[in-house]
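Notes for the structure review
As a plain string of letters, each chain reads:
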Amino acid sequence: MRDIILDNLEFIQKKITACCLQNHRDPKEVKLLLATKTVPPARIQIALSAGYTCIAENKVQELGKKYDHLKNSPHNSHFIGHLQSNKIKYLLQYDVGCIQSIDRLDLAQKLNQKLKADNRFIDILIQVNTSREESKFGVSPEKTLDLVRQIALLDNIRIKGLMTIGLFSTNKEKVRECFRLLKNLQLAIIKADIPHVSMEELSMGMRGDYEIAIAEGATIVRIGTAIFGARIYPDSYYWNETRA
Ligand SMILES: *Cc1c(COP(=O)(O)O)cnc(C)c1O
């Protein structure tokens with residue numbers, strides 16, 4: 001029997017494509033990143049086999065547990081959870097291509113040190129707290145440009161863009177403001193013309209708000225439960241470790 005995951009993937013991809021066309025964007029510009037937290041490797045494999053190969057985990061330990069099961073299936077691994085500096089050395093064992101949640105200089109410095117020692121490079125996005133909710137991680141919008149300037153000086157880290165989690169609200173205009181803010185920060189950073197900084201990626205938009213995010217310029221949308229089904233843990237377990 002055909003797995004529901006395949007239907008969900010097709011459904012979401014169709015919606016993304018339709019949304020791009022509506023907004024006069026090339027569907028190739030928007031990548032579907034699968035948020036796979038709590039999803040067992042065998043379920044993730046179904047998506048990988050169908051050609052949906054961009055996946056993301058939130059916790060280093062969980063990433064590590066799944067790594068051996070998935071390492072022989074070609075995929076592109078992102079990290080989208082809050083990162084503690086004492087976990088960096090573990091994270092780097094698992095072939096992560098992009099860390100989307102860099103939000104402070106000391107974390108970037110420690111990451112750079114470790115990369116340098118291993119003679120490696122990594123792509124990152126800067127996570128911005130566009131909703132200004134205290135419970136959310138991310139650098140404040142006001143401090144983003146400065147942080148980008150400082151991290152740009154670290155040789156083994158390549159800044160590729162920005163990431164945000166929009167406000168959780170039924171007020172679509174308030175959600176849209178978060179994404180517009182991220183887009184405007186991207187434009188300001190491009191204008192500042194900082195050496196070694198690329199701003200090609202805007203990771204924004206999730207299950208409830210990806211269509212707004214695409215309209216506002218997202219290049220990566222992060223979707224989980226709409227594809228793999230509901231999780232048993234509340235979102236706060238993943239987004240704010242102090243409340244977990
Ligand atoms: C879990 C998660 C998502 C996807 O959320 P769903 O509710 O599963 O669609 C997106 N972004 C981040 C940072 C996440 O942790």
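Quick summary incoming for the structure in this document. The structure presented is a predicted model; accordingly, all values stated were derived computationally and were not measured.

**Some points on the overall build of the protein**
Scanning the protein from N- to C-terminus turns up 10 helices and 8 strands. Taken over the C-alpha trace, the protein has a radius of gyration of 17 Å; the compact-globule value for 244 residues is 18 Å, and the two agree within 12%. Every one of the 244 residues in the protein was classed for burial, and the buried ones make up 51%. Residue pairs in contact within the protein that sit at least 24 positions apart in sequence constitute 61% of those at least 6 positions apart. Accessible surface, the protein as shown: approximately 12,100 Å² in total, 50% of it carbon and sulfur.

**Section: the pattern of salt bridges**
The tally for this structure, following the rule as stated, stands at 18 salt bridges. A salt bridge links Arg2 to Glu10, with the shortest nitrogen-to-oxygen separation between them at 3.1 Å. Judged by its relative accessible area of 39%, Glu10 is partly exposed. Each of the salt bridges in this network shares a partner with another, and the network as a whole consists of Glu173, Arg176, Arg180 and Glu216.

**Brief notes about the packing of aromatic side chains**
Counting across every chain of the model gives 1 aromatic pair. Ring centres 5.4 Å apart and planes at 50° place the aromatic pair Tyr67 and Tyr94 in the tilted group. Taken together, the positions of Tyr67 in helix H3 (residues 60–70) and Tyr94 in the loop between helix H4 (88–91) and strand S4 (98–102) put the pair 27 residues apart, joining distant regions of the chain.

**Points about the site of the ligand**
Contacts to the ligand come from 13 residues, most closely from Lys37, Asn58, Arg222, Thr225 and Arg231. Contact between the ligand and Gly224: an oxygen atom at 2.9 Å from a main-chain N or O atom of the residue. For the ligand, whose accessible area on its own is 380 Å², the fraction buried by protein is 100%. Looking at the shell around the ligand, its residues break down into 6 nonpolar, 3 polar and 4 charged.

**A closer look at the pairing of S4**
Counting buried positions along S4 gives 5 out of 5 residues, so the element sits mostly inside the fold. Across 2 bridges, the pairing between strand S3 (residues 76–79) and S4 is parallel. Bridge pairing in S4 links His78 to Cys98. By the bridge criterion, 3 bridges tie S4 to strand S5 (residues 122–127) in an arrangement that is parallel. What sits directly across from Ile102, in S5, is Ile126.

**Thoughts on the nonpolar core**
Grouped together as the largest cluster of nonpolar side chains are 66 residues, with contacts concentrated most on Leu32, Ile99, Leu111, Ile124, Ile126 and Ile151. Residues within four places of Ile126 in sequence aside, it is in contact with Gln100, Ile102, Val139, Thr144, Leu147, Val148, Ile151, Ile159, Gly161, Leu162 and Met163. If you look at the next biggest cluster of nonpolar residues, it comprises 9 residues, including Ala35, Cys98, Leu125 and Ile220.

**A look at the packing of helix H1 (residues 4–22) against helix H2 (residues 41–49)**
It is at 10 Å that the axes of H1 and H2 come closest, and there the two elements cross at 50°. By the angle between their directions, the pair H1 and H2 is classed as oblique. Note on packing geometry: the crossing formed by H1 with H2 is right-handed. Counting all contacts with H1, which are made through Ile4, Ile5, Leu6 and Leu9, the residues of H2 involved are Arg43, Ile46 and Ala47. For the contact of H1 with H2, a count of residues per class yields 6 nonpolar, no polar and 1 charged.

What counts and what doesn't
- Residues numbered from 1 in each chain as written.
- Predicted model: local features only at pLDDT ≥ 70, side-chain atom pairs only at ≥ 80, totals over all residues.
- Heavy atoms only, no water.
- Helix = DSSP H or I, 4+ residues; strand = E, 2+ residues; numbered from the N terminus.
- Rg over C-alpha atoms; globule rule 2.2 N^0.38 Å.
- Buried < 20%, exposed > 50% of the residue type's maximum accessible area, 1.4 Å probe, protein only.
- Contact = heavy atoms within 4.5 Å.
- Areas by Shrake-Rupley, 256 points an atom, 1.4 Å probe, with all protein chains shown as cover.
- Salt bridge = Lys/Arg side-chain N within 4 Å of Asp/Glu carboxyl O.
- Phe/Tyr/Trp six-rings, centres within 6.5 Å; stacked < 30°, edge-to-face > 60°.
- Near = heavy atom within 4 Å.
- Polar contact = N/O pair within 3.5 Å; in protein donor to acceptor, adjacent residues only side chain to side chain.
- Nonpolar A, V, L, I, M, F, W, Y, C, P; charged D, E, K, R; others polar.
- Pairing = 2+ DSSP bridges.
- Core = buried A, V, L, I, M, F, W, Y, C linked by side-chain atoms within 4.5 Å.
- Axes fitted to C-alpha atoms, helices over the stretch in contact; angles between N-to-C directions.
- Parallel < 35°, antiparallel > 145°, perpendicular 65-115°, else oblique.
- Left-handed = near helix turned anticlockwise from the far one by under 90°.

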